[in-house]
Structures are given as C-alpha cells and as structure tokens.
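In case you want the letters, here they are:
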Amino acid sequence: TPDKLPPAEGDILVYADGAQVGKPIDPKNLEPQPTRAYPQAKSGDGQPLVKSGDTNNLLLVSKFPEAQLKEPTDLESTAQGIVVYSAICQHLGCPVNWRNVDQTYLCPCHSGVYDPKQGCKVIGGPPPRPLPQLPIKVEGDQIIATGTFLIPPYGISETDFEEYKE
Ligand code: FES
C-alpha cells in the first residue's frame, strides 16, 4: 500500500505524534532532542498521504549548531543544522531514544548507541551500520526530503536497496 512507500524526493516531514500530529514540522522549533516525524507525500488523487505504514519511515529530526555536525554526516543533506535519520535500530529493529547526557541516540533493546552529529555512526553496542540519514532541505516553513535514505534502512539488503530506491 502507498503508506508503506519509502521516503522520496518532495515528501514533507510532518509530526508523527503530539498536539501537532500530521502538521508540517516547523524548522524553527527544533533542538538536539529529536522530534518524531513521518514523510508525507501526495497520493494519486492529490490528498496528503502520511507514509506511516513502514516502521523504517519513523524519522528523528534533530537540530544542532551547524559547526557541531561532523563527518561522516552528509552535510549537503542537512540544512540549518537539521539532520534527519530513520529511528529504527539497524541491529534488530527497535526504535531508538534520545540520551541527553551525551546527546546520542540510544537503543533500549541492546544498548546500541549512535551519534547523530556524526552521521549516526555506531559508537556503542551491536548495530552493524549507522542509522540511515535522510537528505533534506528547508523550504519556507517546511522540511522537504530531497531523496530517500542514503544507505539501506533496517531489514533491507544492499541488493534490495536498489529496488527500494526506485
Ligand atoms: Fe538496537 Fe539491538 S535492536 S541494539
């Protein structure tokens, strides 16, 4: 079904929960502690379509002072210090949480730790690869995807990723 489609160029990031659920994320109102989002496309008949049918599409949107974003973050895929990743751990698929003490994403299942300021590279625990970064731009008051995930999300092999990206 269309709500299971991967994030794609032109999708608007909308709040996944909270008082503003379904509304476009306000790029001015973000901090390091991530805001949960889903990509929203237009369906065939032009109605907004929130792509919440695939758990990999749950996104974490964090904003840092721009100078704090370092390699291997794909800096060209960030805007105004805003970085976006899939929330789903690359080990066994649990949603990760924020850990304020060192500003990292911590997986509650087996203590995988990712650094969102460094491309969500793995800095602790068993995850085999970084959380996939979603390339974005800021346009007016909205955050827009400029493509799909830069690397395969959880459960997608390198081979399947070619098809996933279509
Ligand atoms: Fe995240 Fe195992 S599922 S560390």
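The rules behind these values
- Residues numbered from 1 in each chain as written.
- Predicted model: local features only at pLDDT ≥ 70, side-chain atom pairs only at ≥ 80, totals over all residues.
- Heavy atoms only, no water.
- Helix = DSSP H or I, 4+ residues; strand = E, 2+ residues; numbered from the N terminus.
- Buried < 20%, exposed > 50% of the residue type's maximum accessible area, 1.4 Å probe, protein only.
- Contact = heavy atoms within 4.5 Å.
- Pairing = 2+ DSSP bridges.
- Axes fitted to C-alpha atoms, helices over the stretch in contact; angles between N-to-C directions.
- Phe/Tyr/Trp six-rings, centres within 6.5 Å; stacked < 30°, edge-to-face > 60°.
- pLDDT = per-residue confidence, 0-100.
- Salt bridge = Lys/Arg side-chain N within 4 Å of Asp/Glu carboxyl O.

A. The arrangement of the overall build of the protein chain in detail. Within the protein chain, the regular secondary structure consists of one helix and eleven strands. When its C-alpha atoms are laid out on the principal axes, the protein chain stretches across 45 × 35 × 30 Å. Split into buried and exposed, the 166 residues of the protein chain put 46% on the buried side. For the protein chain, the share of sequence-separated contacts (at least 6 apart) that also reach a separation of at least 24 residues comes to 52%.

B. The sheet that holds strand β6 (residues 97-99), seen in detail. If you walk across this open sheet you meet the four strands as β6-β7-β8-β9, and the pairing is antiparallel. A single partner strand is all that each edge strand has here, and the edge strands are β6 and β9 (121-124). Ignoring which end each strand starts from, the neighbouring axes of this sheet average 40 degrees apart. Relative to strand β7 (residues 104-106), β6 is paired through three bridges, and the arrangement is antiparallel.

C. Highlighting the packing of aromatic side chains. Inspection of every chain in the model, using the stated rule, returns three aromatic pairs. Members of the aromatic cluster, connected to one another through ring pairs, are Y85, W98 and Y105.

D. Quick peek at the confidence of the model for the protein chain. Summary statistics for the protein chain give a mean pLDDT of 96 and a share of 100% for residues scoring 70 or more. In the model output, the complex is listed with pTM 0.97 alongside ipTM 0.99.

E. Region of the structure containing the pattern of salt bridges. Applying the stated criterion to the full structure yields eight salt bridges. D17 serves as the salt-bridge partner of R36, at 2.7 Å between the closest nitrogen and oxygen. One end of the pair, R36, is in strand β2 (residues 35-42); the other, D17, is in the loop between β1 (12-15) and β2, and 19 residues separate them in sequence. In this structure R36 comes out as partly exposed when scored by relative accessible area, which is 38%. A residue is classified by how much of its surface remains accessible, and D17, at 34% relative accessible area, is partly exposed. Linking D26 and K28 is a salt bridge whose minimum nitrogen-to-oxygen distance equals 3.3 Å. Of the residues examined, D26 reaches a relative accessible area of 24% and is grouped as partly exposed. Each of D26, K28 and D141 takes part in a single network of salt bridges with overlapping partners.

F. Geometry of unusual backbone geometry. Residue P72 is bonded to the preceding E71 through a cis peptide linkage, with omega at 0 degrees. Positive phi, normally seen in glycine, also occurs at Q103, with a value near 50 degrees. Along the chain, Q103 falls in the loop between β6 and β7. Q103 gets classed as partly exposed once you look at its relative accessible area, which sits at 24%. The residue S111 is not glycine, and still its phi comes out positive at about 60 degrees. Its place among the elements puts S111 in the loop between β7 and β8 (113-115). Looking at S111, the relative accessible area reads 46%, which means it is partly exposed.

G. Structural view of the environment of K121. Within the element layout of this structure, K121 appears in strand β9. On a C-alpha basis, the gap between K121 and L131 in space is 7.0 Å, while along the polypeptide they are ten residues apart.

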